[in-house]
Amino acid sequence: MTQFTKWISAAALGAMASMAHAADDLTLQLKWVTQAQFGGYYVALDKGFYEEEGLNVTIKPGGPDIAPTQVLAGGGADVTVEWMPAALAAREKGLPMVNIAQPFKSSGMMLTCRKDAGISSTDDFAGKTLGVWFFGNEFPFLSWMSKLGLSTEGGDDGVTVLKQGFNVDPLLQKQAACVSTMTYNEYWQVIDAGLTPDDLMVFKYEDQGVATLEDGLYVLEDALADPAMEDKLVRFVRASMKGWKYAEANPDEAADIVLENDASGAQTEEHQQRMMREIAKLTAGSNGALVEADYQRTVESLLSGGSDPVITKAPEGAWTHAITDKALN
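Bear in mind the structure is a predicted one, so any value in this text is a computation, not a measurement.

Analysis parameters
- Residues numbered from 1 in each chain as written.
- Predicted model: local features only at pLDDT ≥ 70, side-chain atom pairs only at ≥ 80, totals over all residues.
- Heavy atoms only, no water.
- Pairing = 2+ DSSP bridges.
- Helix = DSSP H or I, 4+ residues; strand = E, 2+ residues; numbered from the N terminus.
- Axes fitted to C-alpha atoms, helices over the stretch in contact; angles between N-to-C directions.
- Contact = heavy atoms within 4.5 Å.
- Buried < 20%, exposed > 50% of the residue type's maximum accessible area, 1.4 Å probe, protein only.
- Polar contact = N/O pair within 3.5 Å; in protein donor to acceptor, adjacent residues only side chain to side chain.
- Salt bridge = Lys/Arg side-chain N within 4 Å of Asp/Glu carboxyl O.

Student: Please explain the sheet that holds strand E3 (residues 79-82) as it appears in this structure.
Tutor: The pairing of strands in a sheet comes from backbone hydrogen bonds and takes either a parallel or an antiparallel form. The sheet built from five strands is open, its strands ordered E2-E1-E3-E10-E4 with mixed pairing. Only two strands of the sheet have a single neighbouring strand rather than two, namely strand E2 (55-60) and strand E4 (97-101). Averaged over neighbouring strand pairs, the angle between their axes works out to 35 degrees when direction is ignored. Relative to strand E10 (residues 216-220), E3 runs antiparallel, the two sharing three bridges. Bridge pairing in E10 places Thr80 opposite Tyr218. In this fold helix H2 (residues 39-46) packs onto strand E1 (24-29), E2, E3 and E10, with an angle of close to 140 degrees to the strand it touches most, E2. Against the sheet, helix H5 (residues 84-92) makes contact with E3, E4 and E10, and its axis sits at roughly 145 degrees relative to E4, the strand it touches most.

Student: Would you take a moment to explain H5 for this structure?
Tutor: Think of an α-helix as turning once every 3.6 residues; residues three or four places apart then point the same way. Along H5, eight of the nine residues are buried, which leaves the element largely enclosed by surrounding structure. Considered for burial, the residues of H5 that qualify are Met84, Pro85, Ala86, Ala87, Leu88, Ala89, Ala90 and Arg91. Immediately beyond the C-terminal end of H5, within one or two residues, lies Gly94, with a positive phi of roughly 115 degrees.

Student: Before we go on, may I ask you to explain the side chain of Thr320 in this structure?
Tutor: Here Thr320 lies in the loop between helix H14 (292-303) and helix H15 (322-328). Judged by its relative accessible area of 18%, Thr320 is buried. Polar side-chain contacts of Thr320 include one of 2.9 Å to the backbone nitrogen of Ala322. When neighbours within four sequence positions are excluded, Thr320 is seen to be in contact with Val98, Asn99, Ile100 and Leu224.

Student: Can you walk me through the pattern of salt bridges in this structure?
Tutor: A side chain of one charge can pair with a side chain of the opposite charge if their charged atoms are brought near each other. All chains considered together, the criterion is met by 16 salt bridges. Where Arg235 meets Asp24, a salt bridge forms, and the shortest distance between an N and an O atom there is 2.7 Å. Note that Arg235 is positioned in helix H11 (residues 227-249) and Asp24 in strand E1, a separation of 211 residues in sequence. Overall, the relative accessible area of 11% leaves Arg235 in the buried class. We note a salt bridge from Glu248 to Lys245, for which the minimum N-O separation is 2.7 Å. One end of the pair, Glu248, and the other, Lys245, are both in helix H11, three residues apart, so they sit about a helical turn from each other. The class of Glu248 is partly exposed, set by a relative accessible area of 22%. Relative accessible area serves as the criterion here: at 31%, Lys245 is assigned to the partly exposed category.

As structure tokens, then:
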């Protein structure tokens, strides 16, 4: 064999080895913009946890004009972060979304109200205007109002629903008695705007018994039928949960990693560190596997929507332990 031939053979073997070890591409669609709400994924990317699993992960931020379910349906992502009410509603309408992991154990959803608007308990909601997020985020609220026996069509015996933007302006400007907030984000916007905790009444969905699962990982059913994709998802979930547990233990470092990935430059260190510490409370207690009792609570809440429930029947095949069983054991 000539030296040239040996060189060609070595080069070919090297190329084949490189191809054999090429990282598998996977795209994750976030539910919202780059922020500490998604810190575990950015930590996994920054710390090389995905790379260690042979994955080349692309994280796509969301935003007010991005519907994660539509991105998933259109093939724009392999996995999406979504709240279970929106996922189950989409599934009932024909989009076969499946929950493969549940990093968030608790809900951060709240209704934050002004005491000077006459709100001291849920009995005071009647006749008031309440700010509500839509785009799938309204489902837990509608279930809650149904449980309280309050119409969402207005009037003295019901509540007037104000379609709230992703800000707290209606509360600050007294256009609404209450607005939707998350424990880790908008509530602190209210505080930063000058109101104090003593000025506010806060109703956590968890405390009201209407909390639904948030920020789960979802794929389409077809992905689970493909052994190669299933293998990628197992590695993705394993690395992601490693990222989440690191973020829980190191919230300030995780917040800094998020800031490094924020192309908008809109986030601040103080806000992201505070958010990451609050998010850590929601992921605490989860190893990534969906707890069936939490799923059933969510389904029961969504079915209790009176004449207009979020879903009309108990879903089948809406979640699986197939991925987490392999990823976590």
